[in-house]
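One letter stands for each residue in the lines below.
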Amino acid sequence: MNYIGWLIIFVIFAALELATLGLTCIWFAVGALAGCVVSLLGGNWIVQALVFIVVTILVLIFVRPFALKYVNNKAEKTNVDSMEGKTGKVLMEINNVNATGLIIVDGMEWTARSADGDVIPKDTLVTVVSIEGVKAIVKRA
């Protein structure tokens, strides 16, 4: 393959990386650039392919863990992720047997279930233990 083919492969993988931003395709783009360099230096297609594979694997093994650790390390929790540990107030009695319960946390109403199975009366303060689907799993505060 000539160097233009490798550049096309590089552009495809770079575009896929830009579309996903998940650090998944960039490693193949680096391998394609290495294949392009070997092509420019006169290597045959077998050597180019081997360089592409070896460079891609080496970059995946050695650079990816470092990149994952330091890229996007300041991601903030989303609404659901930030709910755990917050305190809310019971608006409707929480009873797992009757499948009833409603709480309010930070101005948002959530269907609620008791973490330990206890009935929790209205106006009790509760702490969110986890979120399961659209239900807040709570315990008495």
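None of the values given here were measured: they were computed from a predicted structure.

This brings us to the overall build of the protein. Along its length, the protein carries four helices and five strands. Across the protein, helices and strands are ordered from the amino to the carboxyl terminus as α-α-α-α-β-β-β-β-β. Relative to the globule expectation of 14 Å for 141 residues, the C-alpha radius of gyration of the protein, 26 Å, shows a markedly less compact shape. Projected onto its principal axes, the C-alpha positions of the protein cover 80 × 25 × 25 Å.

Looking at the secondary structure, you find Thr-56 in helix H3 (residues 45-62). Once residues within four sequence positions are removed from consideration, Thr-56 is found in contact with Trp-27, Phe-28 and Gly-31.

Looking now at the environment of Gly-107. In this fold, Gly-107 is placed in the loop between strand E2 (100-105) and strand E3 (108-114). Separated by 19 residues in the primary sequence, Gly-107 and Gly-88 place their C-alpha atoms 9.1 Å from one another.

Ile-94, Ile-103, Val-128 and Val-138 are the most contacted members of the largest nonpolar core, which has 13 residues in total. Elements with a contribution of two residues or more to this core: strand E1 (87-95), E2, E3, strand E4 (125-132) and strand E5 (135-140). For this core, the element with the highest residue contribution is E4, accounting for three residues. Beyond its immediate sequence surroundings of up to four residues, Val-128 is in contact with Met-83, Glu-84, Gly-85, Lys-86, Ile-103, Val-105, Ile-137 and Val-138.

Quick look at the packing of aromatic side chains now. Scanning all chains against the criterion turns up two aromatic pairs. Ring geometry for Trp-6 against Phe-52: centres 5.4 Å apart, planes inclined by 40°, an arrangement best described as tilted. In this pair, Trp-6 sits in helix H1 (residues 3-20) while Phe-52 sits in helix H3, placing the two residues 46 residues apart along the sequence. Accessibility classification places Trp-6 together with Phe-52 in one group, the buried group. Taken together, a centroid distance of 5.3 Å and an interplanar angle of 25° make the contact between Phe-13 and Phe-28 stacked. A residue pair is termed long-range when its members are at least 10 positions apart, and Phe-13 in helix H1 and Phe-28 in helix H2 (residues 26-40) qualify at 15 residues. Owing to a relative accessible area of 29%, Phe-28 belongs among the partly exposed residues under this scheme.

Rules of the game
- Residues numbered from 1 in each chain as written.
- Predicted model: local features only at pLDDT ≥ 70, side-chain atom pairs only at ≥ 80, totals over all residues.
- Heavy atoms only, no water.
- Helix = DSSP H or I, 4+ residues; strand = E, 2+ residues; numbered from the N terminus.
- Rg over C-alpha atoms; globule rule 2.2 N^0.38 Å.
- Contact = heavy atoms within 4.5 Å.
- Core = buried A, V, L, I, M, F, W, Y, C linked by side-chain atoms within 4.5 Å.
- Buried < 20%, exposed > 50% of the residue type's maximum accessible area, 1.4 Å probe, protein only.
- Phe/Tyr/Trp six-rings, centres within 6.5 Å; stacked < 30°, edge-to-face > 60°.

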